[in-house]
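So you can see what is in the structure, the chains are spelled out below.
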Amino acid sequence: MPSPLEPHLALLRCPRCREPGKLELRGEDALACAACGQTFPIAGELPRLFWPNDWREGQTDVTDTVKAFYEETPFPNYDDFDSVGSLAEKARQGVFARLLDEQVPPRARVLEVGCGTGQLSNFLSIANRTVFASDLCVNSLGLGRDFARRHALGNVHFVQMNLFRPAFAERSFDLVISNGVLHHTSDPFLAYQTIAQLVKPGGFLLVGLYHYYGRLITDARRVLFRWSGDRFLGLDPNLRDAKKSAAKKRAWLADQYKHPHESKHTIGETLGWIDKIGFRFVKSIPRSKPFAPFGADESLFEPELPGNALERFLAETGAIFRGSREGGFFIMIAQRP
């Protein structure tokens, strides 16, 4: 029986040496690099292509700490989904996921970096897109893979990978998504720069980050929860929502308030990143101009001009109040020329 990876071997790269066209299947349970000789196991249809960072002495690396955190607390879980239909219905209730599904064309090649349990990747694969879902945590990937297996989602492929040592060829994807991931790394700009290399000319990079102002209320709650021994959890609207399962609440509490490492950023800072890598700004969510709300029928990939410094300041300070429910989050979309 042929491996589901076989048609996609040309996309893969050895994360150790990055030599093109050298990864080969060894039966059904391993990939081997003909250039450097490194072998990578495939366990339960999960290629283990994680390779550790090789940074200079003294440079901080939180990869192992974050990996251990998510191995113990996969986020989010699949409690609410018993079918592809329920996953799709839930995803489309969110404006952002619905717009992605409507606007990313069928047969597009998509990579999600830091997919967690792969709910977005599974959802996007339904419409005949080829989706690769990568994460550093095997437990999280296993939940996504198991859902895909149970419901015969054949267009999604799960891969263990360190985003600083990508296991894919440069300029291979129409869309690279990394939502809520880079702020949990030691060097968010280097992470941004690295995954941008995987975007095709004309393709898009979509990154979600914690916002400097949008996290202020969450930061205050974190201090209160820690000081009080996790009393007053009802101050978080997600933790007092009676419709959410206990498992979802535990996962939210851990991800938002117990995480071992996070950084916070602004739209202005991220615009600088886009300039440095030679991409062009397309859109921010929320917008970088005040009094310009993001609508339910937005064109995600239609370029617009960013706000100037004053407009951005006015728009971004509003994140203090908007961030309460969604964890203080913003999204930047950029395009490789």
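Residues numbered from 1 in each chain as written. Predicted model: local features only at pLDDT ≥ 70, side-chain atom pairs only at ≥ 80, totals over all residues. Heavy atoms only, no water.

> I'd like a description of the overall build of the protein chain, backed by residues and values.
When you go through the protein chain residue by residue, the secondary structure sums to 11 helices and 11 strands. In terms of overall size, the protein chain behaves like a compact globule, its C-alpha atoms giving a radius of gyration of 20 Å where 337 residues would be expected to give roughly 20 Å. The C-alpha extent of the protein chain, read off along each of the three principal axes, is 55 × 45 × 45 Å. Taken across its 337 residues, the protein chain has 52% of its residues classed as buried. A fraction of 69% describes how many contacts in the protein chain between residues 6 or more apart in sequence connect residues 24 or more apart. (Helix = DSSP H or I, 4+ residues; strand = E, 2+ residues; numbered from the N terminus. Rg over C-alpha atoms; globule rule 2.2 N^0.38 Å. Buried < 20%, exposed > 50% of the residue type's maximum accessible area, 1.4 Å probe, protein only. Contact = heavy atoms within 4.5 Å.)

> Which residues make up the pairing of strand S8 (residues 173-179), and what are the values?
Among the 7 residues of S8, 5 are classified as buried, and the element is accordingly described as predominantly covered. When strand S5 (residues 109-113) meets S8, the two strands line up parallel, connected through 3 bridges. By the bridge assignment, glutamate 112 is partnered in S8 with isoleucine 177. Sheet topology places S8 next to strand S9 (residues 199-210); 6 bridges connect them, and they run parallel. Residue asparagine 179 lies in a different strand from S9, and its bridge partner there is glycine 208. Once you follow S8 into helix H6 (residues 188-196) and on to S9, the crossover reads as right-handed. (Pairing = 2+ DSSP bridges. Right-handed = clockwise from strand over helix to strand, strands pointing away.)

> Please give an account of unusual backbone geometry that cites residues and values.
Here isoleucine 285 and proline 286 are connected by a cis peptide whose omega angle stands at 0°. Structurally, the position occupied by proline 286 is in the loop between strand S10 (280-285) and helix H10 (309-317). In this model, arginine 18 sits at a positive phi of 65°, which is unusual for a non-glycine residue. Tracing the backbone through its elements, the reader meets arginine 18 in the segment before strand S1 (23-25). The backbone of arginine 107 shows a phi angle near 70°, a positive value even though the residue is not glycine. Turning to its location among the elements, arginine 107 is positioned in the loop between helix H3 (95-103) and S5.

> Residue-level account of the environment of tyrosine 212, with values.
Inspection of the secondary structure puts tyrosine 212 in the loop between S9 and helix H7 (216-228). With residues near it in sequence (within four places) discarded, tyrosine 212 still touches Lys264, His265 and Thr266.

> Tell me about the packing of aromatic side chains, residues and numbers included.
Here the structure, examined in full by the defined rule, presents 11 aromatic pairs. Residues phenylalanine 40 and tryptophan 51 carry aromatic rings whose centres are separated by 6.3 Å and whose planes lie at 75° to one another, so their mutual orientation is edge-to-face. With phenylalanine 40 in strand S3 (residues 39-43) and tryptophan 51 in the loop between strand S4 (46-47) and helix H1 (63-72), the pair connects residues that are 11 residues apart, well separated along the chain. Note on tyrosine 210 and phenylalanine 329: the rings are 6.4 Å apart at their centroids and 80° apart in plane angle, and the pair reads as edge-to-face. Placement of tyrosine 210 in strand S9 and of phenylalanine 329 in strand S11 (residues 329-335) is noted, with a sequence separation of 119 residues between them. Note on tyrosine 210: relative accessible area 3%, which makes it buried. (Phe/Tyr/Trp six-rings, centres within 6.5 Å; stacked < 30°, edge-to-face > 60°.)

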